[in-house]
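Residue strings, one per chain:
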Amino acid sequence: MMTKSIMIVGVGGQGTLLTSRILGGIIQEAGYDVKLSEVHGMAQRGGSVVTFVRYGDKVAEPIVEEGQADVLIAFERLEALRYAHFLKKDGVIIINDWRIDPITVVTGAAEYPENIIEDLSRTYKVYSINGMEEAIRLGNAKAFNTVVLGMAARHMDFAIEDWLKIIEKTVPGKTVEINQKAFLLGYGE
């Protein structure tokens, strides 16, 4: 198998690291070599957080170069725009349709771009979901990242039962049920 590259991007506090651990877990269970790398911009809440997940028969390094990612999972619209150039031509972007203003927008030094999802759709295969809205409907806003991961999982070759097992092993015990429900909702089950 050729090496596959996935990027997870978001804002500090959105669960990008937990999501990368779930992804790493399912990939490892499937018998692939997997490398994870976490790159923090400003790791405090509000700053950009990027996680690379690379897997295949043998993976030398975890870093994904520009134009090499197969899948970009973005927990916020502007983060999707910021990192879209890492995608391959036939890559897929999964976007949480949610807006978090960066400090430059909050202070008035910059404007939040309009029509991000539509603009990205002109160049890439884009799937979007309002994971936050869905998670709130389920009763726990913090599970939005698992909703988004569920949508992304539809574009990967792992069985749904395996995803549910890894979620059970990875998330805190008291959140297993809500995270599994959130995943299934995003997956479309």
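This write-up is about the structure you can find in this document. The structure displayed is predicted, hence computed values, not measured ones.

### As for the overall build of the chain
Helix and strand counts for the chain come out as eight helices and six strands. Reading the secondary structure of the chain in the N-to-C direction produces β-α-β-β-β-α-β-α-α-β-α-α-α-α. Compactness check: the chain gives a C-alpha radius of gyration of 16 Å against a globular reference of 16 Å for 189 residues, within 12% of the reference. Referenced to the eigenvectors of the C-alpha coordinate spread, the extents of the chain come out at roughly 50 × 40 × 30 Å. Look at the contacts in the chain between residues 6 or more apart in sequence, and 62% of them connect residues 24 or more apart.

### Some thoughts on the nonpolar core
If you look at the biggest cluster of nonpolar residues, it comprises 38 residues, and the most contacted ones within it are I6, L23, I27, I73, M156, W163 and F183. Looking at which element gives the most residues to this core, the answer is helix α6 (residues 144-153), with seven residues. If near-sequence neighbours (up to four positions away) are discounted, I73 is found in contact with I6, M7, I8, V9, L23, I94, V148, L149, A152 and M156. One finds M7, F52, I93 and I116 within the second-largest nonpolar core, a separate group that totals 23 residues.

### Some words on α6
For an α-helix the count is 3.6 residues per turn, leaving residues at separations of three or four pointing the same way. Most of α6 is tucked away, with ten of its ten residues classed as buried. When α6 is considered as a whole, its buried residues turn out to be F144, N145, T146, V147, V148, L149, G150, M151, A152 and A153.

Calculation notes
Residues numbered from 1 in each chain as written. Predicted model: local features only at pLDDT ≥ 70, side-chain atom pairs only at ≥ 80, totals over all residues. Heavy atoms only, no water. Helix = DSSP H or I, 4+ residues; strand = E, 2+ residues; numbered from the N terminus. Rg over C-alpha atoms; globule rule 2.2 N^0.38 Å. Contact = heavy atoms within 4.5 Å. Core = buried A, V, L, I, M, F, W, Y, C linked by side-chain atoms within 4.5 Å. Buried < 20%, exposed > 50% of the residue type's maximum accessible area, 1.4 Å probe, protein only.

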